[in-house]
Amino acid sequence: MAELESPDVMPKLITFLSSLLQKVAESNDLNRHFQTQKISVFHGLSRPTISIQTYLERIFKYANCSPSCFIVAYAYLDRFAQRQPALPINSFNVHRLLITSVMVAAKFMDDMYYNNAYYAKVGGISTTEMNFLEVDFLFGLGFHLNVTPTTFHTYYSYLQREMLLQQPLLNLAESSLIVGRSVKLHLCFNEDEASHQQQQLAV
């Protein structure tokens, strides 16, 4: 989308996405004391010292992928959260999920992109780990990588609306990123319907 190319839009989008993911991670950090959460290759032994915003800004600065990749990466994270409710996004895995989702989005969306070794350096991990993360992420998505124009517009419109309303706190009724059994009810984007309307799901 042309407006994503504006130099003023992407910094705001990065800030908002960071805030959104921070809220999701903090919420699921609290929930892990009450629920069993599966450990995966995305989990670090400790919380990274770099903030989510600084990390995402670093990815944005060095990945050199198209701005649309960040919208697609957000869609991938939402899909991953829907398909893997036992692996909610938290402070221990959000950084690895971020670098992996952006890399996969760049490979799918862009004609030219950097290899895994480069993304590993950007993400501060080894190439071997980056390779493992990519494979696990793809299987976690069920290799469902296509993002239709309607789906893209739905996610981008949601982010635009929330940014305009200046509500960085994620509304539980509007996204399934805060998922798992920590939320009794959520709405997700039903990508199987042509109308792409939101469908209510019981957890």
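Before reading further, recall that the structure is shown in the block above.
Residues numbered from 1 in each chain as written. Predicted model: local features only at pLDDT ≥ 70, side-chain atom pairs only at ≥ 80, totals over all residues. Heavy atoms only, no water.

Asks: I'm lost on helix H7 (residues 149–164) in this one. Help?
Replies: Residues spaced three or four apart along an α-helix point in a common direction, a consequence of the helix completing one turn every 3.6 residues. Along its 16 residues, H7 runs 22 Å from first to last C-alpha, staying within 8% of the 22 Å computed at 1.5 Å per residue. If you check which residues of H7 are buried, you get Thr151, Phe152, Thr154, Tyr155, Tyr156, Ser157, Tyr158, Leu159 and Glu162. (Helix = DSSP H or I, 4+ residues; strand = E, 2+ residues; numbered from the N terminus. Expected span 1.5 Å × (residues − 1). Buried < 20%, exposed > 50% of the residue type's maximum accessible area, 1.4 Å probe, protein only.)

Asks: I'm lost on the side chain of Asp110 in this one. Help?
Replies: Considering the arrangement of structural elements, one finds Asp110 in the loop between helix H4 (94–109) and helix H5 (116–123). Polar side-chain contacts of Asp110 include one of 2.6 Å to the side chain of Ser66. Not counting the four nearest positions on each side in its chain, Asp110 is found in contact with Cys65, Ser66, Cys69 and Ala105. (Polar contact = N/O pair within 3.5 Å; in protein donor to acceptor, adjacent residues only side chain to side chain. Contact = heavy atoms within 4.5 Å.)

Asks: Please clarify how the packing of aromatic side chains should be interpreted in this entry.
Replies: The way to describe two aromatic rings as a pair is by their centre distance and the angle between their planes. Within the structure shown, the criterion is met by eight aromatic pairs. Centroid distance Tyr74 to Tyr158: 6.4 Å. Interplanar angle 10°. Geometry classified as stacked. With Tyr74 in helix H3 (residues 68–83) and Tyr158 in helix H7, the pair connects residues that are 84 residues apart, well separated along the chain. The class of Tyr74 is buried, set by a relative accessible area of 2%. Plain terms: the ring middles of Tyr118 and Tyr119 are 6.3 Å apart, the flat faces sit at 90° to each other, and that makes the pair edge-to-face. Following the ring pairs from residue to residue traces out a cluster consisting of Tyr74, Tyr155 and Tyr158. (Phe/Tyr/Trp six-rings, centres within 6.5 Å; stacked < 30°, edge-to-face > 60°.)

Asks: What is the right way to read the pattern of salt bridges from this model?
Replies: A side chain with one charge may pair with a side chain of the opposite charge, provided their charged atoms come close. By the definition in use, this model includes two salt bridges. Residue Glu129 pairs with Arg96 through a salt bridge whose shortest N-O separation is 2.6 Å. On the criterion of sequence distance, the pair formed by Glu129 in helix H6 (residues 127–140) and Arg96 in helix H4 is long-range, its members being 33 residues apart. Take Glu129: its relative accessible area is 23%, and that puts it in the partly exposed class. The residue Lys107 makes a salt bridge to Glu134 at a minimum N-O spacing of 2.8 Å. On the criterion of sequence distance, the pair formed by Lys107 in helix H4 and Glu134 in helix H6 is long-range, its members being 27 residues apart. (Salt bridge = Lys/Arg side-chain N within 4 Å of Asp/Glu carboxyl O.)

Asks: Could you clarify how one ought to interpret empty space enclosed by the protein in this entry?
Replies: Picture a little ball the size of a water molecule; that probe, rolled over the atoms, points out where space is still empty. Counting across every chain of the model gives one cavity of 30 Å³ or more. As a volume, the largest cavity reaches approximately 60 Å³. At the level of elements, helix H1 (9–31), H3 and H4 are the ones that each hand at least two residues to the lining of the largest cavity. With four residues, the top contributor of residues to the lining of the largest cavity is H3. (1 Å grid on protein atoms, 1.4 Å probe; cavity = no way out; pocket = protein on both sides within 12 Å on 5 of 7 lines; lining within 4 Å. Points joined across faces, edges and corners; volume = space filled by probe spheres on them.)

Asks: What should I look at first to understand unusual backbone geometry in this one?
Replies: A negative phi angle characterises most non-glycine residues, just as the trans form characterises most peptide bonds. Positive phi is not limited to glycine here, since Asn64 has a value of about 55°. By the element assignment, Asn64 lies in the loop between helix H2 (52–63) and H3. Take Asn64: its relative accessible area is 52%, and that puts it in the exposed class. Look at Phe143: it is not a glycine, yet its phi comes out positive at around 60°.

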